[in-house]
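What follows is each chain in one-letter form.
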Amino acid sequence: MLRDRLDAGPLTVLITDAGQLLVDEPSDQYGLLLAVLGNLATGAPHPLRVVLDEAAPS
């Protein structure tokens, strides 16, 4: 789906609560996610930007 979207133009993916991203998964899953996104960005005709956002503690 992301590859199809990147064919149309630049894409920014915003991940909110990034500290919780894959928290319940084995630690190697984070590296796998980064590898998949990196491979996607490398072969895409348009830029991919991934923003990891974490809300400031209140």
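This text follows the structure it describes.
Reference entry: report on the structure contained in this document. Here the structure is a predicted model, which means the values were calculated and not measured. (Residues numbered from 1 in each chain as written. Predicted model: local features only at pLDDT ≥ 70, side-chain atom pairs only at ≥ 80, totals over all residues. Heavy atoms only, no water.)

With respect to unusual backbone geometry
Peptide bonds are mostly trans, and most non-glycine residues show a negative phi.
Here is step 1 of the chain: With phi around 50°, Asp17 is a residue other than glycine that occupies positive phi space.
Here is step 2 of the chain: Of note, Asp17 is situated in the loop between β1 (11-15) and α2 (28-43).
Here is step 3 of the chain: One non-glycine residue, Leu22, adopts positive backbone phi at about 60°.
Here is step 4 of the chain: Within the secondary structure, Leu22 sits in the loop between β1 and α2.
Here is step 5 of the chain: Here Leu22 falls in the partly exposed class, since its relative accessible area comes to 29%. (Helix = DSSP H or I, 4+ residues; strand = E, 2+ residues; numbered from the N terminus. Buried < 20%, exposed > 50% of the residue type's maximum accessible area, 1.4 Å probe, protein only.)

A word on the environment of Ala41
Here is step 1 of the chain: Secondary-structure assignment places Ala41 in helix α2.
Here is step 2 of the chain: Residue classification places Ala41 among the partly exposed residues on the basis of a relative accessible area of 31%.
Here is step 3 of the chain: Considering only alpha carbons, one finds Ala41 and Asp4, 37 residues apart in sequence, at a separation of 12 Å.

Let's talk about the pairing of strand β2 (residues 48-52)
Here is step 1 of the chain: Two strands pair when backbone bridges link them, and β1 and β2 are joined in this way by 5 bridges, in the parallel orientation. When the sheet's bridge partners are listed, Thr12 is paired in β2 with Arg49.
Here is step 2 of the chain: For the handedness criterion, the β-α-β arrangement of β1, α2 and β2 is classed as right-handed. (Pairing = 2+ DSSP bridges. Right-handed = clockwise from strand over helix to strand, strands pointing away.)

Brief notes about a nonpolar patch on the surface
Here is step 1 of the chain: A cluster of nonpolar side chains, namely Tyr30, Leu34, Val50 and Leu52, defines an oily patch on the protein surface of about 330 Å² accessible area.
Here is step 2 of the chain: Within the residue set of the nonpolar patch, elements represented by two or more residues are α2 and β2.
Here is step 3 of the chain: Here Val50 shows up in strand β2.
Here is step 4 of the chain: Judged by its relative accessible area of 32%, Val50 falls in the partly exposed class. (Patch = residues over 30% accessible without salt bridge, like charges linked within 9 Å, V, L, I, M, F, W, Y side chains within 5 Å. Areas by Shrake-Rupley, 256 points an atom, 1.4 Å probe, with all protein chains shown as cover. Salt bridge = Lys/Arg side-chain N within 4 Å of Asp/Glu carboxyl O.)

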